[in-house]
Amino acid sequence: MPVKNRFAELLPEITAWRRDFHQHPELLFDVQRTAGRVAELLRGFGCDEVVEGIGRTGVVGVIKGKTDTSGRVIGLRADMDALPITEQTGVDYASTIPGKMHACGHDGHTAMLLGAAKYMAETRNFDGTVVLIFQPAEEGGGGGREMVADGMMDRFGVQEVYGMHNMPGLPVGSFGIRPGAIMAAADQFDVVITGKGGHAAKPHECVDTTVVAAHVIVALQTIASRNVDPMKQVVVSVCTVQTDSTAHNVIPQVVKLKGTVRTMDPEVQVFVERRISEIVEGTAHALGARAEVNYQRGYPVTVNAEANTRHAVEVARAVSGKVDDNTAPLMGAEDFSFMLNARPGAYIFLGNGDTAMLHHPGYNFDDNAIPFGASWYAGMVEARMPAA
Ligand SMILES: [Zn+2]
Ligand SMILES: [Zn+2]
């Protein structure tokens, strides 16, 4: 199963879809134009079912194979949203909307999955069902979480799910993947420390919240240095310290802290959340103040299941032969994690060659990557559900 010849033929058409999405970027859940076009194309391909409005603006297409003796249902996912960035690539198909740009290549992901859908609807060369998932709001809105919360996995009977992201710096035609954690969890926390404000010359009549905050910040460093196994990755950063005093001689009544937590292991994530509360509340109490912690979970760790990762590697090897199956994990976070928490599956990086990094105004998706990505999507279906 090398790169499918059909994708060489379809490349101009898929590229045209991709560049149309690129010229009309949309943010978060406001992807009506893109989602409408996706649904229209899926219907045109002859999908057995196309459902819009899942997870607000998500789209799902269903294609049944020639046979269904396997009873297997595989989900393939692409994301549709862009970023609030002003494009500086100078390409002739650049964004037509100031301040919005497909700087993460989701236009490419959507176009590649559409290409795979067109091919699979034509050939149906598999024994089972494929569910095509087009999600909104990957860039911070939790569109993947919304689609899962909307009952997508049960409604369409999805049993395993696969996702892909282009990666600058990885040569076009190559893939990178690893079993286990491949992207981090990103959480944030807010702390409010309340003491007793007053005259800075009379500290004994106050509970000095700035001193409490200083102890809290130092004590939080012990999570990474003393509590978590040094072989496991963790970041705890306090990034904002704000008092309600602007004077040189007033002890503030309240100090607020804000920070972020990055982890690669769900157990470490749960542990860090608990330790932050214990350390903040305990330190404040010891120094005579009160503290409240509001810990907000962001995207969870993106965890590739072992068996599904092996399947993904086999298909990627068949497509291009260039696969790093032990690629380094990234400390960024990915909304596909919600789908991988709901069903086993895998997430793979697709080489996008020598361009600016994701989220950079000079980033450019390389259309030469399309046949590799589309072949991998379709290959996962044909390999996991071989035609009877
Ligand atoms: Zn992104
Ligand atoms: Zn992205």
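Residues numbered from 1 in each chain as written. Chains lettered and ligands numbered in written order. Predicted model: local features only at pLDDT ≥ 70, side-chain atom pairs only at ≥ 80, totals over all residues.

**A look at the sheet that holds strand S4 (residues 129–135)**
The strand order S1-S2-S4-S3-S5-S16-S6-S15 describes an open sheet built from 8 strands, whose pairing is mixed. Each having just a single partner strand, strand S1 (49–54) and strand S15 (323–324) make up the two edges of the open sheet. Of the strands in this sheet, S1, strand S2 (58–64) and S4 touch helix H2 (residues 32–45), which is tilted by about 170° from S1. Contacting strand S3 (73–79), S4, strand S5 (160–167) and strand S16 (345–351), helix H10 (residues 370–384) crosses the sheet at an angle of about 165° to S3. (Pairing = 2+ DSSP bridges. Helix = DSSP H or I, 4+ residues; strand = E, 2+ residues; numbered from the N terminus. Contact = placed C-beta atoms within 7 Å. Axes fitted to C-alpha atoms, helices over the stretch in contact; angles between N-to-C directions.)

**Some thoughts on the nonpolar core**
Soluble globular proteins tend to bury their nonpolar side chains together. Leu76, Leu113, Ala116, Leu132 and Ile348 are the most contacted members of the largest nonpolar core, which totals 81 residues. Here this core spans two domains, since at least three of its residues come from each of domain 1 (5–182 + 301–384) and domain 2 (185–296). Residues contacting Leu132, with those up to four places away along its chain left out, are Leu42, Val60, Gly61, Leu76, Leu113 and Ala117. The next biggest cluster of nonpolar side chains, apart from the first, holds 23 residues, and it includes Phe189, Val207, Ile223 and Val272. (Core = buried A, V, L, I, M, F, W, Y, C linked by C-beta atoms within 7 Å. Buried ≥ 20, exposed ≤ 12 C-beta atoms within 10 Å, placed from the backbone. Domains from an automatic or database assignment.)

**As for the environment of Arg43**
Along the chain, Arg43 falls in helix H2. The exposure class of Arg43 is exposed, given the 12 C-beta atoms found within 10 Å.

**Concerning helix H3 (residues 106–123)**
Across its 18 residues, H3 extends 26 Å between first and last C-alpha, which sits within 8% of the 26 Å expected from 1.5 Å per residue. Where burial is concerned, most of H3 is hidden: 15 out of the 18 residues are buried. Two residues or fewer past H3, Arg124 is found with a positive phi of approximately 50°. (Expected span 1.5 Å × (residues − 1).)

**Focus: the environment of Gly71**
Looking at the secondary structure, you find Gly71 in the loop between S2 and S3. Judged by C-beta crowding, with 11 C-beta atoms within 10 Å, Gly71 ranks as exposed. In the structure, Gly71 is positioned 57 residues away from Gly128 in sequence and 5.6 Å away in space, judged by C-alpha atoms.

**Some points on the sheet that holds strand S13 (residues 290–296)**
Taken in spatial order, the 4 strands make up an open sheet running S10-S12-S8-S13, and their pairing is antiparallel. Each edge of the open sheet carries a strand with a single partner, namely strand S10 (234–243) and S13. Strand after strand, the sheet turns through a mean of 20° between neighbouring axes, direction not considered. Judged from the 10 bridges that link them, strand S8 (residues 185–194) and strand S12 (residues 254–263) form a sheet pairing that is antiparallel. Bridge pairing links Val192 to Lys256 in S12. Strands S8, S10 and S12 of the sheet are contacted by helix H6 (residues 209–227), whose axis makes an angle of about 170° with S10. Sheet strands touched by helix H7 (residues 266–286): S8, S10, S12 and S13. Its angle to S13, the strand with the most contacts, is close to 165°.

**Overview of the packing of H3 against H10**
In contact at an axis separation of 8 Å, H3 and H10 are set at 50° when each is read in the N-to-C sense. With respect to their mutual orientation, H3 and H10 come out oblique. Remark: the crossing between H3 and H10 carries right-handed chirality. Residues Ala111, Met112, Leu113, Gly115, Ala116, Tyr119 and Met120 of H3 pack against Ile370, Gly373, Ala374, Tyr377, Ala378 and Val381 of H10. Across the contact of H3 with H10, the residue classes break down as 11 nonpolar, 2 polar and no charged. (Parallel < 35°, antiparallel > 145°, perpendicular 65-115°, else oblique. Left-handed = near helix turned anticlockwise from the far one by under 90°. Nonpolar A, V, L, I, M, F, W, Y, C, P; charged D, E, K, R; others polar.)

**Things to note about the domain arrangement of the protein**
For the protein, the assigned domains are domain 1 (5–182 + 301–384) and domain 2 (185–296). Measuring from the centre of the C-alpha atoms in domain 1 to the corresponding centre in domain 2 gives 40 Å. Taken residue by residue, the interface counts 5 residues in domain 1 and 8 residues in domain 2. A breakdown of the residues in the side of domain 1 that touches domain 2 according to their chemical character gives 5 nonpolar, no polar and no charged.

**Notes on H7**
Between the first and last C-alpha of H7 there are 30 Å, a value that for 21 residues agrees with the 30 Å anticipated at 1.5 Å per step. Those residues of H7 that fall on the buried side of the exposure criterion are Val268, Gln269, Val272, Ile276, Ile279, Val280, Thr283 and Ala284. Down the axis of H7, the smallest arc covering the buried residues is 110°, so these residues share one side. Of the exposed residues in H7, those oriented more than 90 degrees away from the buried face are Glu267, Val270, Arg274, Glu278, His285 and Ala286. Elements in contact with the buried residues of H7: S8, H6, S10, S12 and S13. (Arc of directions from axis to C-beta.)

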